[in-house]
Amino acid sequence: MKIIRATDYDDMSRKAAAVMAAQLTLKPNCVLGLATGSSPVGLYRQLIEWHQKGELDFSSASSINLDEYVGLSPDNSQSYRRFMNENLFHHVNIKPENTHVPNGLAADPKAECARYDALIREAGGIDMQLLGMGNNGHIGFNEPGEAFVKDTHRVALAQNTIEANKRFFESADEVPREAYTMGIGPIMLARRVLVVVSGAQKAKIVREALCGPITPAVPASILQLHPRVTLVGDAEALRAID
Ligand code: GLP
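Quantities reported herein were computed from a predicted structural model and do not represent experimental measurements.

A. Up close: the pattern of salt bridges. As enumerated under the stated definition, the model contains 11 salt bridges in all. Two residues, Glu49 and Lys53, come together in a salt bridge whose shortest N-O distance is 3.6 Å. On the accessibility criterion, Lys53 (54% relative accessible area) is exposed. A cluster of three or more residues bridged by salt bridges with shared partners is formed by Asp11, Arg14 and Lys15.

B. Up close: the sheet that holds strand β7 (residues 153-156). What the 3 strands build is an open sheet, ordered β4-β8-β7; its pairing is antiparallel. In this open sheet, the two strands that pair with only one neighbour each are β4 (67-69) and β7. On average, each strand axis in the sheet is inclined to that of its neighbour by 25°, with strand direction left out of account. Of the pairings in the sheet, the one linking β4 to strand β8 (residues 178-181) comprises 3 bridges and is antiparallel in character. Within the sheet, the bridge partner assigned to Tyr69 lies in β8 and is Ala179.

C. Quick look at the environment of Asp75. The residue Asp75 is located in the loop between β4 and α3 (80-87) in this model. Between the alpha carbons of Asp75 and Arg191 there is a distance of 31 Å; along the sequence they are 116 residues apart.

D. How the structure looks around the pairing of strand β3 (residues 62-65). Going residue by residue along β3, you find Ser62 and Ile64 tucked away on one face and Ser63 and Asn65 tucked away on the opposite face as well. Tracing the backbone out of strand β2 (residues 31-34), into helix α2 (residues 41-52) and back to the parallel element β3 gives a crossover that is right-handed. Alignment of β3 against strand β5 (residues 99-100), held across 2 bridges, turns out to be parallel. If you follow Ser63 over to β5, its bridge partner there is Thr99.

E. How the structure looks around the layout of surface pockets. Counted as a void, the largest pocket has a volume near 610 Å³. Counting only elements with at least two residues in the lining of the largest pocket, the list comes to β4, α3 and α5 (159-165). Split by residue class, the lining of the largest pocket holds 12 nonpolar, 18 polar and 4 charged. The volume enclosed by the second largest pocket comes to roughly 220 Å³. Asp117, Ile120, Arg121, Gly125, Ile126, Lys150, Asp151, Gly185, Pro186 and Leu189 together form the lining of the second largest pocket. Elements supplying a minimum of two residues to the lining of the second largest pocket: α4 (109-122) and α6 (184-189).

F. Structural detail: the packing of aromatic side chains. On inspection of all chains with the given rule, the structure shows 4 aromatic pairs. Both rings, one in Tyr69 and one in Tyr80, keep their centres 4.8 Å apart while their planes meet at 45°; by these two values the pair is tilted. One end of the pair, Tyr69, is in strand β4; the other, Tyr80, is in helix α3, and 11 residues separate them in sequence. No difference in accessibility class separates Tyr69 from Tyr80, as the two residues are buried. Ring centres of Tyr69 and Phe141 lie 5.6 Å apart, and the angle between their planes is 50°; on these two criteria the pair is classed as tilted. Of the two residues, Tyr69 sits in strand β4 while Phe141 sits in the loop between β6 (128-131) and β7, which places them 72 residues apart along the sequence. The same class applies to Tyr69 and to Phe141, which are both buried.

G. Region of the structure containing α4. With 14 residues, α4 ought to run about 20 Å at 1.5 Å a step, and its terminal C-alpha atoms sit 20 Å apart, in line with that. Restricting attention to buried positions, one finds in α4 the residues Glu112, Cys113, Tyr116, Asp117, Ala118, Leu119 and Ile120. Buried positions along α4 lie against β3, β5, β7, β8 and α6. At the C-terminal side of α4, Gly124 shows a positive phi close to 85°.

H. Highlighting the nonpolar core. Core analysis: the biggest nonpolar cluster contains 61 residues, and Leu43 and Leu47 have the highest contact counts within it. Every residue in contact with Leu43, bar those within four places of it in the chain, is listed here: Ser13, Ala16, Ala17, Met20, Leu130, Leu194 and Val196. Counting residues in each nonpolar core, the second largest holds 10 residues, with Tyr69, Phe141, Ile162 and Val175 among its members.

Thresholds, definitions, all that
Residues numbered from 1 in each chain as written. Predicted model: local features only at pLDDT ≥ 70, side-chain atom pairs only at ≥ 80, totals over all residues. Heavy atoms only, no water. Salt bridge = Lys/Arg side-chain N within 4 Å of Asp/Glu carboxyl O. Buried < 20%, exposed > 50% of the residue type's maximum accessible area, 1.4 Å probe, protein only. Pairing = 2+ DSSP bridges. Helix = DSSP H or I, 4+ residues; strand = E, 2+ residues; numbered from the N terminus. Axes fitted to C-alpha atoms, helices over the stretch in contact; angles between N-to-C directions. Right-handed = clockwise from strand over helix to strand, strands pointing away. 1 Å grid on protein atoms, 1.4 Å probe; cavity = no way out; pocket = protein on both sides within 12 Å on 5 of 7 lines; lining within 4 Å. Points joined across faces, edges and corners; volume = space filled by probe spheres on them. Nonpolar A, V, L, I, M, F, W, Y, C, P; charged D, E, K, R; others polar. Phe/Tyr/Trp six-rings, centres within 6.5 Å; stacked < 30°, edge-to-face > 60°. Expected span 1.5 Å × (residues − 1). Contact = heavy atoms within 4.5 Å. Core = buried A, V, L, I, M, F, W, Y, C linked by side-chain atoms within 4.5 Å.

As structure tokens, this is what we get:
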């Protein structure tokens, strides 16, 4: 694993954006695996800036997002589809039809999971998967458990995740209890993985994920087995790593 040390959130965002921009430049028709949460927002902002200066072209790229809340419509202000539209897609020239997020309103959850896995397969897998890390070590919404789940699945969110994500909602009660998430399989098959971590509250879990045992109790620990991971972290998030 390549660890890149950044000073703060802005520095992390710029450095990680440079890695993703290099991917887009090397392979303009690449498949980007994208993430939500606070961690990638600065990275997206930087990509938008470079695009607006004419330095980055998304016209041949496609994207496949990690996850979506069950029960939220694409235009719900808390949906991950809306997050992606507002934080990236509407500001760059990626074709809307080339962007993919699970459908939180799917009538048939099993069919939705199968559809998403087929979509990833048909895209030829993911060239670069961007990940944040939950406080409990989740990646996407792959929550701590007894086994790694390979395929897209519907998941009950951990209490810890509901607590962490309530900041985006009016109250904890409003946070959906379930989500669709890409499984560990396509993440581990991604040709490259880019992880962004920021802030002191991530220091403990970053250490467990990178230096502890590989266990489904810390889903991000599986990344120790991936041959091409770049982790960009700020000083606070990396302070427990030598
Ligand atoms: C969310 C998302 C994850 C994200 C994580 C960390 O629940 N489902 O994809 O990586 O939590 O979020 P943040 O970057 O805001 O700490």
